[in-house]
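# Examination of the molecular architecture
Given next are the chains, with one letter for each unit.
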Number of protein chains: 2
Amino acid sequence: MSDTLVLPEGVSAEAFSSAVGELRNVVGDNWVFSDEAGRRIYRDPFSPLPDDQFMPSAAVSPASVEEIEKILKVAIDHAIPVWTISTGRNFAYGGPAPRKPGYIVLDLKRMNRILHIDEKIGYAIVEPGVSYQQLYDHLRATGSKLWIDCAAPAWGGVLGNAVDHGAGYTPYGDHFIMQCGMEVMLADGTLVRTGQLGLEGARAVNATKFSYGPYLDGIFTQSNFGVVTKMGIWLMPEPPGYKPFMITFPHEEDLSAIIEAATPLKVNMLIPNGAAAVDLIWESAVKVTKSDYYAGEGPLPPSARKRMAEDHKLGMWNFYGALYGPEPMMNNNWEVIEAAFSKIPGAQVFFERENDPAWDYRVKLMRGEPCMTEFGLMNWIGGGGHLNFSPISPPDGPRAQQQYEMIRDRCIEYGFDYIGEFLIGWREMHHILMLMFNRANEKQRAAAYELFGILVDEAAAAGFGEYRTHLAYMDQIAGTYDYNDHALWNLHHRIKDKIDPNGILSPGKMGIWPERMRG
Amino acid sequence: MSDTLVLPEGVSAEAFSSAVGELRNVVGDNWVFSDEAGRRIYRDPFSPLPDDQFMPSAAVSPASVEEIEKILKVAIDHAIPVWTISTGRNFAYGGPAPRKPGYIVLDLKRMNRILHIDEKIGYAIVEPGVSYQQLYDHLRATGSKLWIDCAAPAWGGVLGNAVDHGAGYTPYGDHFIMQCGMEVMLADGTLVRTGQLGLEGARAVNATKFSYGPYLDGIFTQSNFGVVTKMGIWLMPEPPGYKPFMITFPHEEDLSAIIEAATPLKVNMLIPNGAAAVDLIWESAVKVTKSDYYAGEGPLPPSARKRMAEDHKLGMWNFYGALYGPEPMMNNNWEVIEAAFSKIPGAQVFFERENDPAWDYRVKLMRGEPCMTEFGLMNWIGGGGHLNFSPISPPDGPRAQQQYEMIRDRCIEYGFDYIGEFLIGWREMHHILMLMFNRANEKQRAAAYELFGILVDEAAAAGFGEYRTHLAYMDQIAGTYDYNDHALWNLHHRIKDKIDPNGILSPGKMGIWPERMRG
């Protein structure tokens, strides 16, 4: 493959060339990526659209806030959009690629210092490039008794995931709730600090989420209002005990009963962690490939599903949770949990599983140990393409079942397997459809692209909104949050226009566009 | 007392009179308060400054969002600032009074519907005028198994307290963390809904704090960026057991050890609720008055303190916490808690207290039962004046002790009693000094006013910022959040100017002023 350089909209080749030269002066030649090979690092290799739809014109990787400030000045001077990424592993949602071709990627991977660990109060202050694996390794190497909470793949970024409202699997699974204090650079280079960090010489840093006046941290999440350059994140103290469990359920229609059982256990914190109800294929696909069970076209047929479930002692749904604390407390909770789930016919409980990499990696995740196992799902059909369709589900059995069946039926109609999980937080529940397709198969790619768009509209019509999405659907999903003639997005745009008047920061992120690129 | 009508700055008597007439057309004559008696309802009766410093020119009380929209239009047409209150009980911080004389108070007390209770997921949707007592009574009358978390006085507003970052005493004590979904009217009358409420017909309403795109709810807290007209708040399911406890400590210098013991118990959630370390006088003052122990001027002398402590079986510090859940779990936690605190010499544990209204009301508060007992503190010296000085304290013993002694010493120097408590959330800790003065004593009032200003500056110099404050100190405290030449407040002002360009909403709230009133 070779690609043609697409320049940012309205920017001449001379201006672009001059800008790239200026960026080289800021960060040095080694940290500006403007040739074809360099640009291609920043494509989305799993996209439902051709690479060129989201191909940057260049990337620049600064080492400090001072360098970011200079980069933003270059961007303003030449009206070039910059697309901020931290570790760039936001795969299934676009990875490191920008919303439109021609943007320059602002890659913060080099700013990867762990600035502070507070062992007593339990928090870290990190830069954007710090990965889960890095923070985990650091804590273990220094003898810390603090855990992290990580998203499934270890290479993900602590800061990037939290500001994208990501979730994990320990009791600290809601990453943005666990965030505490930020440093943000605005488009004009102004550095702002929130929380107690806003007070020079502050002593209560990163213990208090809210301080005095409006709480602004939220406006820098899932947005393009600033570049987050530092973040505090609370860390969980190592508990005196850990008891992960798995319960399998034999029927697809058991989901409703599972969620009905789980919701009161979650609301009452008897299951304290980010639990998950995971479908058969998700749990099988880290062990086997589709071709092991089916050589035909289209979704895995029921007979093959049955065989796969039996071979691997899996249910059509598989519930993972964990308990933490002293033995008697875990036992007390477990009694209530077991009583609730054992009412569902066919439920089978596991505390150990032999030769089961799916169990192994979930046991790790629920104690905050990063790994890369889940990425093995990519081998299910091969060909790399995958998209996450991520509607918010009410924590209500019949509604969750309705949402699942709606999506599953459309997947089957379009020839795809339903591969999904419900991540069950406290009261909130994220449903993730892993829509896999062979990117080399043009028909399949086009079908996946079309299917996703239909799912967005059908979910919205049924009252379900998404919490996060791939670049290709950011506008469409923004459009579903339509109360009062899209008053919320109009407000986003008012804020955007004021704090980034040149419209250089990540235009189009979550459907928020600067004035010059709207309409 | 009689007062002279002060008009809003730059508004002629004719314009004002015309505006009041228009307001009468909107809400009816009964709901515009523009005579002297009507205005005086909205003064701050406990202020450190004379009434006229914060006396509104009128008040208007709408019954619906449609009426708010019309009121804001009148305000814009005549350039009259409106100061939004919900139940108006924000006493010690200004009560219902506006930041400057002449504003019109927008009193939302009539919008007091409990719109929805979700028993299964555990949340309520309320309008601004709903008080703690009202929500509590409603839940009890309907047989609900949900608890509320209330601030100390029952008349406080559920919504108003949450958007002011208020705290309570159950495990749901961080009110803004427990907030989920908002409806907000902007200055131009646009109605915006956040969270899943932003999607017409949404099904996952008020279960998910964050939805898609920037999380904006925070900008409508402790701010003047909009009028919050509805709010979702999570409610705690009634636990199977409740075990409140109190531990008394004999010495003022024990605070350091108390916080050192409490912090790991809190971070590890062994004490799950909004706990408190309360000083001797706070706990005595709901039972006795100062004159029972001391007839002289100035702070209560050590000998009288000692006698009062003995009479009432109180410590110089008194720690309140509670456990919730099944008996064995509470017992397990209690063992750890007792071991930690019993290391402090002189610690005494209570599970019951006879004839102790202080214990009685704290037992109520820690199970979310509103009451008015704490307001009895006002009788300590009489004369009504009181201010809360509320610095954030790090959850660290020596630092908390340092903050306490700094403030105590200045109180004594200025002739006041130190009356205070540390509210201990999860990692955050709010220190509340109840600065009481006789408002009828001009010298005392002036001393209190001066002392508070000194405390703000000295706390900031030592690295401590406040989380909330009285009208009179809003600018001063905003000034202490000074990182990078006040970049945070500059950002607040940029947002303010954009979403309230006429500058009519609560000018000066938390030191945020519209452009026309700055500098």
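Because the structure is predicted, anything quoted here is derived from the model rather than measured.

### Digging into the sheet that holds strand β3 (residues 82-85) of chain A
Residue and element names in this part refer to chain A.
- If you trace the 4 strands from one edge of the open sheet to the other, you get β1-β2-β4-β3, paired in mixed fashion. With partners counted over all chains shown, the strands left at the sheet margins are β1 (32-33) and β3, one partner each.
- In this sheet, strand β4 (residues 104-107) lies alongside β3 in parallel orientation, the contact comprising 4 bridges. Residue pairing in the sheet places Thr84 in a bridge with Leu106 of β4.

### Some remarks on the sheet that holds strand β2 (residues 58-60) of chain B
All names here are of chain B.
- Taking strand neighbours across the sheet as the criterion, the 4 strands line up as β1-β2-β4-β3 in an open arrangement whose pairing is mixed. Two strands lie at the open edges of the sheet, namely β1 (32-33) and β3 (82-85), each paired on one side alone.
- Looking at chain direction, β2 and strand β4 (residues 104-107) are connected through 3 bridges and run parallel. Looking at β4, one finds that Val60 is bridged to Leu106.

### Notes on the environment of Leu235(A)
- Note that Leu235(A) resides in the loop between β10 (227-234) and β11 (236-237).
- The residues contacting Leu235(A), other than those within four sequence positions of it, are Gly122(A), Tyr123(A), Ala124(A), Leu135(A), Leu139(A), Leu146(A), Trp147(A), Ile148(A), Tyr172(A) and Arg427(B).

### With respect to the interface of chain A and chain B
- Across the contact, 96 residues belong to chain A and 96 residues belong to chain B.
- Both sides of the chain A and chain B interface together cover about 8,100 Å² of buried area, and 65% of this is carbon and sulfur.
- The tally of links between chain A and chain B comes to 6 salt bridges.
- Residues Glu260(B) and Lys120(A) are paired through a salt bridge, measuring 2.6 Å at the closest nitrogen-oxygen approach.
- Connecting chain A to chain B are 28 residue pairs in polar contact (both at pLDDT 80 or more).
- At the level of secondary structure, the elements contributing two or more residues to the side of chain A that touches chain B comprise β9 (191-193), α6 (255-267), α9 (327-341), β17 (392-393), α11 (397-413), α13 (474-480) and α14 (483-499) of chain A.
- Broken down by element, the side of chain A that touches chain B gets its largest block of residues, 12 residues, from α14(A).
- Of the residues that constitute the side of chain A that touches chain B, the class distribution is 50 nonpolar, 27 polar and 19 charged.

### Quick look at the nonpolar core
- Among the nonpolar cores identified, the biggest contains 322 residues, and Phe220(A), Phe319(A), Phe341(A), Phe220(B), Phe319(B) and Phe341(B) are the most heavily contacted of them.
- For Phe341(B), the residues in contact, after removing those within four places along its chain, are Ile247(B), Phe249(B), Ile258(B), Ala261(B), Ala262(B), Leu265(B), Ile271(B), Phe319(B) and Ala347(B).

### A word on the relation of the copies chain A and chain B
- Once chain A has been moved 0.0 Å along the axis and rotated by 180 degrees, it coincides with chain B to within an RMSD of 0.0 Å. Taken together, the rotation and translation describe the operation of a two-fold axis. Taking the C-alpha atom as reference, chain A places Met329(A) closest to the rotation axis, 2.9 Å from it.
- The fraction of interface residues of chain A whose copies in chain B are also interface residues reaches 100%, indicating that both copies meet through the same surface.

### What about helix α3 (residues 65-78) of chain A?
All names here are of chain A.
- Counted at 1.5 Å a residue, the expected span for α3 with its 14 residues is 20 Å, and the 20 Å between its end C-alpha atoms agrees.
- By the burial criterion, the buried members of α3 are Val65, Glu67, Ile68, Ile71, Leu72, Val74, Ala75 and His78. Burial along α3 is one-sided: seen end-on, the buried residues are contained in an arc of 165 degrees. Structural note: α3 exposes Lys70 and Lys73 on the side pointing more than 90 degrees away from its buried face.
- The positive-phi residue at the C-terminal boundary of α3 is Ala79, with phi of around 55 degrees.

### Some details on the side chain of Glu374(B)
All names here are of chain B.
- Along the polypeptide, Glu374 turns up in the loop between α10 (357-365) and β16 (384-389).
- Its relative accessible area of 12% is what places Glu374 among the buried residues.
- Within the structure, Glu374 has its side chain in polar contact with the side chain of Trp282 (distance 3.3 Å).
- Aside from chain neighbours lying at most four places away, what touches Glu374 is Ala152, Tyr169, Trp282, Val286, Tyr361 and Arg362.

### So, the confidence of the model for chain A
- With 99% of its residues at a pLDDT of 70 or more, chain A shows a mean pLDDT of 96.
- Model confidence for the complex: the whole-complex pTM is 0.97, and ipTM, which rates the interface, is 0.96.

### Observations regarding the packing of helix α6 (residues 255-267) of chain B against helix α9 (residues 327-341) of chain B
Residues and elements named next belong to chain B.
- Put simply, α6 and α9 touch, their axes get as near as 9 Å, and they point 155 degrees apart. One finds that α6 runs roughly antiparallel with respect to α9. Judged by the twist between their axes, the crossing of α6 over α9 is right-handed. Judged by residue contacts, Ile258, Ala261, Ala262 and Leu265 of α6 engage Val336, Ile337, Ala340 and Phe341 from α9.
- Classifying every residue of the contact of α6 with α9 by side-chain character gives 8 nonpolar, no polar and no charged.

### Focus: the pattern of salt bridges
- Counted according to the given criterion, the structure contains 64 salt bridges over all chains.
- In this structure, the salt-bridge partner of Glu9(A) is Lys100(A), at a minimum N-O distance of 3.3 Å. Of this pair, Glu9(A) sits in the segment before α1 (13-27) while Lys100(A) is found in the loop between β3 and β4, placing the two residues 91 residues apart along the sequence.
- Using a relative accessible area of 55% as the deciding quantity, one classes Glu9(A) as exposed.
- You can call Lys100(A) partly exposed: its relative accessible area is 28%.
- Its salt-bridge partner being Asp51(B), residue Arg43(B) comes within 2.8 Å of it at the nearest N-O pair.
- Each of Arg40(A), Arg43(A), Asp51(A) and Arg439(A) takes part in one network of salt bridges that share partners.

### Topic: unusual backbone geometry
Residues and elements named next belong to chain A.
- Although it is not a glycine, Met269 adopts a positive phi angle of roughly 65 degrees.
- Judged by its relative accessible area of 41%, Met269 falls in the partly exposed class.
- Positive phi, normally seen in glycine, also occurs at Lys313, with a value near 50 degrees.

### Some thoughts on the state of the cysteines
- By the definition in use, this model includes 0 disulfides over all chains.
- In this structure Cys150(A) is not part of a disulfide, and its nearest cysteine sulfur, from Cys371(A), lies 7.0 Å away.

### What to know about the pairing of β16(B)
Residues and elements named next belong to chain B.
- In terms of residue burial, β16 counts as a mostly covered element, since 6 of its 6 residues are buried.
- Here β16 runs beside strand β19 (residues 429-438); their pairing, made up of 6 bridges, is antiparallel. In the strand pairing of β19, Asn388 is matched with Met434.

### Observations regarding the packing of aromatic side chains
All names here are of chain A.
- Tallied over the full model, the rule gives 62 aromatic pairs over all chains.
- On the basis of an interplanar angle of 80 degrees and a centroid distance of 6.4 Å, the ring pair of Trp31 and Phe33 is categorised as edge-to-face.
- Classification of Trp31 by relative accessible area gives partly exposed; the value is 29%.
- The exposure class of Phe33 is buried, given its relative accessible area of 14%.
- Put simply, the rings of Phe245, Phe249, Phe319, Trp334, Phe341 and Phe351 pair up and form one aromatic cluster.
- Directly above the aromatic system of Trp426 lies the positively charged group of Arg427, at a separation of 5.0 Å from the ring centroid.

Conventions adopted
- Residues numbered from 1 in each chain as written.
- Chains lettered and ligands numbered in written order.
- Predicted model: local features only at pLDDT ≥ 70, side-chain atom pairs only at ≥ 80, totals over all residues.
- Heavy atoms only, no water.
- Pairing = 2+ DSSP bridges.
- Helix = DSSP H or I, 4+ residues; strand = E, 2+ residues; numbered from the N terminus.
- Contact = heavy atoms within 4.5 Å.
- Buried area = accessible area lost by both parts, 1.4 Å probe.
- Salt bridge = Lys/Arg side-chain N within 4 Å of Asp/Glu carboxyl O.
- Polar contact = N/O pair within 3.5 Å; in protein donor to acceptor, adjacent residues only side chain to side chain.
- Nonpolar A, V, L, I, M, F, W, Y, C, P; charged D, E, K, R; others polar.
- Core = buried A, V, L, I, M, F, W, Y, C linked by side-chain atoms within 4.5 Å.
- Buried < 20%, exposed > 50% of the residue type's maximum accessible area, 1.4 Å probe, protein only.
- Least-squares fit on C-alpha atoms with pLDDT ≥ 70 in both.
- Expected span 1.5 Å × (residues − 1).
- Arc of directions from axis to C-beta.
- pLDDT = per-residue confidence, 0-100.
- Axes fitted to C-alpha atoms, helices over the stretch in contact; angles between N-to-C directions.
- Parallel < 35°, antiparallel > 145°, perpendicular 65-115°, else oblique.
- Left-handed = near helix turned anticlockwise from the far one by under 90°.
- Disulfide = S-S within 2.5 Å.
- Phe/Tyr/Trp six-rings, centres within 6.5 Å; stacked < 30°, edge-to-face > 60°.
- Lys NZ or Arg CZ within 6 Å of the ring centre and 35° of its normal.

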